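Below, each chain spelled out in residue letters.
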Amino acid sequence: MDNDTKTCPFCGEEILSVAKKCKYCGEWLSTEKKHSNQNITWYIVLICIAIIAFSPVSLPVACLIGFVAGIVGNVIQKTIVEKK
């Protein structure tokens, strides 16, 4: 096992040279993991923007669909009652 140490660039503590994450401050030392977390944050931001942008549009559309479905259902029910 390699016991060489290095200094964490974020908190200055001595950590193993093979460490991928600092056990003292919790920062990731590899850039690959850091980019992965940034991508997840970016996707969450995009989803929030989409929800905020499309909510005002989707609510009236859902109400319109419900209204039309109610009218169609009422017409069908009247047609069935009249045939009896």
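This text follows the structure it describes.
Below or above, wherever it landed, is the structure these notes cover. Throughout this document, residue positions are counted from 1 along each chain, in the order its sequence is written. Reporting of local features is limited, given that this is a predicted model, to residues whose pLDDT is at least 70; pairs of side-chain atoms are given and counted only at 80 or more, and all residues count toward the totals for whole chains, interfaces and linings. Water and hydrogen atoms were dropped before computing side-chain values, which therefore reflect all heavy atoms in the structure.

Quick notes on the overall build of the chain
Scanning the chain from terminus to terminus reveals one helix and two strands. Helices (α) and strands (β) of the chain occur, in sequence order from the N terminus, as β-β-α. To sort residues, take the accessible area from a 1.4 Å probe on protein chains only and compare it with the maximum for the residue type: under 20% means buried, over 50% means exposed, and anything in between is partly exposed. Residue burial in the chain is summarised as follows: out of 84 residues, 4% are buried. Any two residues whose heavy atoms approach within 4.5 Å at even a single point are treated as in contact. Long-range pairs, those at least 24 residues apart, make up 2% of the contacts in the chain between residues at least 6 apart in sequence. About 7,200 Å² of surface is accessible on the chain, with carbon and sulfur atoms providing 66% of the total. Working definition: helices are DSSP H or I runs of at least four residues, strands are E runs of at least two. Numbering for both runs from the N terminus. Accessible surface is estimated by sampling points in the Shrake-Rupley manner with a 1.4 Å probe; for residues, cover comes only from the protein chains shown.

What to know about the state of the cysteines
To count as a disulfide, a pair of cysteine sulfur atoms needs to be within 2.5 Å. All told, the structure shown has zero disulfides when counted by the stated rule. Looking at Cys 25, it has no disulfide partner, and the nearest cysteine sulfur is the one in Cys 22, 3.6 Å off.

Some words on a nonpolar patch on the surface
Taken together, the side chains of Leu 64, Phe 67, Val 68, Ile 71, Val 72, Val 75, Ile 76 and Ile 80 make up a nonpolar region of the molecular surface, amounting to roughly 740 Å² of accessible area. Positionally, Val 75 belongs in helix α1 (residues 31-83). Look at Val 75 and you get partly exposed, because its relative accessible area is 48%. Patches here: salt-bridge-free residues with over 30% relative accessible area, like charges joined within 9 Å, nonpolar side chains (Val, Leu, Ile, Met, Phe, Trp, Tyr) joined within 5 Å. Each reported salt bridge corresponds to a side-chain nitrogen of Lys or Arg within 4 Å of a carboxyl oxygen of Asp or Glu.

What is shown is where atoms sit, not what they do.
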